[in-house]
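Okay, here's what each chain looks like letter by letter:
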Amino acid sequence: MLSSFPKRRGRRLRQNSRVRALVRENGLSKSDLICPIFIRDGENIIEPIPSMPGINRYSIDTVIPYVEKLINLGIFTVALFPLTPSDKKSSTCEEAWNPKNLVNIATRKLKYNFPELIIMLDVALDPYNSDGHDGLLVDGKIINDETLVALERQALVQAEAGADILGPSDMMDGRIGVIRTALEKNGFKDTLIMSYAAKFSSAFYGPFREAVGAQGLLKGDKKTYQIDPPNMEEAIREVGEDIFEGADMVMVKPGMPYLDVISEVKRKFSFPTFAYQVSGEYSMLKGAIENNWLDKDSMIVESLTCFKRAGCDGILTYFAPDAAEIINKNS
Ligand code: PBG
């Protein structure tokens, strides 16, 4: 046991901000932040997403100045998600491996304008699927191995477009191995994989599905591939498999209600670990901030720093621009 009162007074270490800073165990930096961005077709469009106040969809021309703003704030990693026009969605999802789909064009343009930018792209079929699922739906079932063929094509086209990080978010069995093998075979030796390794079947994704236009389309739910929220051991197995199959980084998703999973993953595997503070978490906090029920700056910093304490190396968060502004203001 530690020494007891009054030899030890816990409050000595909290007596002023300099002493507190001296003994602070974790901190948030701008380099920890990955900013998700929604892309849509058209020109000169910045379109608010009603279920995510403050978050917009950008057409490809308007995303360039937006990313420039992020870089000026000190954010160098972005994750792009498309709102695919409904006439390009199908149950076979070909648009997912169209080299000229929205995210691939955006990746090329952004890389051309900002070579130092790190771009992450989701590998999953849902933005392109008229059935709203991450995998192919046939006779009411998500077919795993046929989906892997589609994901492999999608991943290669994205790597070819210049994506630095591929983020398989589909939770099909075996996808990391298939993608890693295909990348190696095709000369993409430096393409990183951040696997959405422990992705839970969560109600917190609702606003995102609206943002990518998958909400109304989704037939049934994603429970046959995403992890059942009560399960820790299953999450650990999924992470272990993805590391074994060739992931460079692993992610736990959602974030805040799953800090215990993050902590367990980091301690078990000592591997680069990320969290996705998902759309529902953002909308929940943002709603309370907008109503003045929570203080904006302290809420954002606290919620993100707790991910660091749990063991995260970085966080995907819709608060990335706000967080960077707060960090800049305070430094
Ligand atoms: C889909 C995907 C989802 C998110 C990222 N990629 C949603 C889902 O699985 O339904 C969620 C992100 C968020 O809620 O912010 N493959």
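Reading the values: rules and limits
Residues numbered from 1 in each chain as written. Predicted model: local features only at pLDDT ≥ 70, side-chain atom pairs only at ≥ 80, totals over all residues. Heavy atoms only, no water. Helix = DSSP H or I, 4+ residues; strand = E, 2+ residues; numbered from the N terminus. Rg over C-alpha atoms; globule rule 2.2 N^0.38 Å. Buried < 20%, exposed > 50% of the residue type's maximum accessible area, 1.4 Å probe, protein only. Lys, Arg positive; Asp, Glu negative; His and termini not counted. Charge placed at Lys NZ, Arg CZ, Asp CG, Glu CD. Patch = residues over 30% accessible without salt bridge, like charges linked within 9 Å, V, L, I, M, F, W, Y side chains within 5 Å. Areas by Shrake-Rupley, 256 points an atom, 1.4 Å probe, with all protein chains shown as cover. Salt bridge = Lys/Arg side-chain N within 4 Å of Asp/Glu carboxyl O. Polar contact = N/O pair within 3.5 Å; in protein donor to acceptor, adjacent residues only side chain to side chain. Contact = heavy atoms within 4.5 Å. Near = heavy atom within 4 Å. Nonpolar A, V, L, I, M, F, W, Y, C, P; charged D, E, K, R; others polar.

Let's shift gears to the overall build of the chain. Scanning the chain from N- to C-terminus turns up eleven helices and twelve strands. Over its C-alpha trace the chain gives a radius of gyration of 20 Å, about what one expects of a compact globule, namely 20 Å for 331 residues. Across its three principal axes, the chain shows a C-alpha extent of roughly 70 × 45 × 40 Å. Taken across its 331 residues, the chain has 55% of its residues classed as buried. Charged side chains of the chain number 40 positive and 45 negative; the gap between the two group centres comes to 9 Å.

A grouping of Arg-8, Arg-9, Arg-11, Arg-12 and Arg-14 is seen on the molecular surface, where their side chains present a positively charged patch. With respect to the helices, strands and loops of the structure, Arg-14 is situated in the segment before α1 (17–22). Judged by relative accessible area, Arg-14 falls into the exposed class, the value being 53%.

Another aspect to go through is the side chain of Asp-32. Position of Asp-32 relative to the elements: it lies in the loop between α1 and β1 (33–40). Looking at Asp-32, its side chain comes within polar contact range of the side chain of Lys-308, at 3.0 Å. Residues within four places of Asp-32 in sequence aside, it is in contact with Gly-27, Lys-308, Asp-313, Gly-314 and Ile-315.

A few words now on the environment of Leu-218. Take Leu-218: it is sitting in the loop between α6 (206–211) and α7 (233–245). You can call Leu-218 buried: its relative accessible area is 16%. Taking the C-alpha atoms as reference points, Leu-218 and Asp-126, separated by 92 residues in sequence, lie 8.7 Å from one another.

Bringing the site of the ligand into the picture now. Surrounding the ligand, one finds 16 residues, the nearest of these being Lys-199, Arg-209, Lys-253, Ser-279 and Tyr-318. Here Asp-122 contributes a side-chain N or O atom positioned 2.9 Å from a nitrogen atom of the ligand. Here Arg-209 contributes a side-chain N or O atom positioned 2.6 Å from an oxygen atom of the ligand. Protein chains bury 100% of the 410 Å² of accessible surface belonging to the ligand in isolation. For the shell around the ligand, the class distribution of residues is six nonpolar, three polar and seven charged.

A word on the side chain of Thr-84. Take Thr-84: it is sitting in the loop between β4 (77–82) and α3 (102–113). Taking the relative accessible area as the measure of exposure, Thr-84 reaches 6% and is therefore buried. Polar side-chain contacts of Thr-84 include one of 2.9 Å to the backbone oxygen of Pro-127. Once you skip the residues sitting within four places of it in the chain, Thr-84 turns out to touch Lys-89, Glu-95, Pro-127 and Tyr-128.

On to a nonpolar patch on the surface, then. Residues Leu-13, Leu-22 and Val-23 make up a contiguous nonpolar surface patch of about 300 Å² in total accessible area. Residue placement: Val-23 occurs in the loop between α1 and β1. Given the relative accessible area of 38%, Val-23 is considered partly exposed.

So, about the environment of Ser-29. Of note, Ser-29 is situated in the loop between α1 and β1. With 285 residues separating them in the primary sequence, Ser-29 and Gly-314 have C-alpha atoms 9.0 Å apart.

In this section: a negative patch on the surface. Residues Asp-145, Glu-146, Asp-173 and Glu-241 make up a contiguous surface patch of negative charge. Structurally, Asp-145 can be placed in helix α4 (residues 144–161).

Here Ala-21 lies in helix α1. Through-space distance from the C-alpha of Ala-21 to that of Ala-310 is 19 Å; in sequence the pair is 289 residues apart.

Such coordinate-based values are descriptive only and should not be taken to indicate function.
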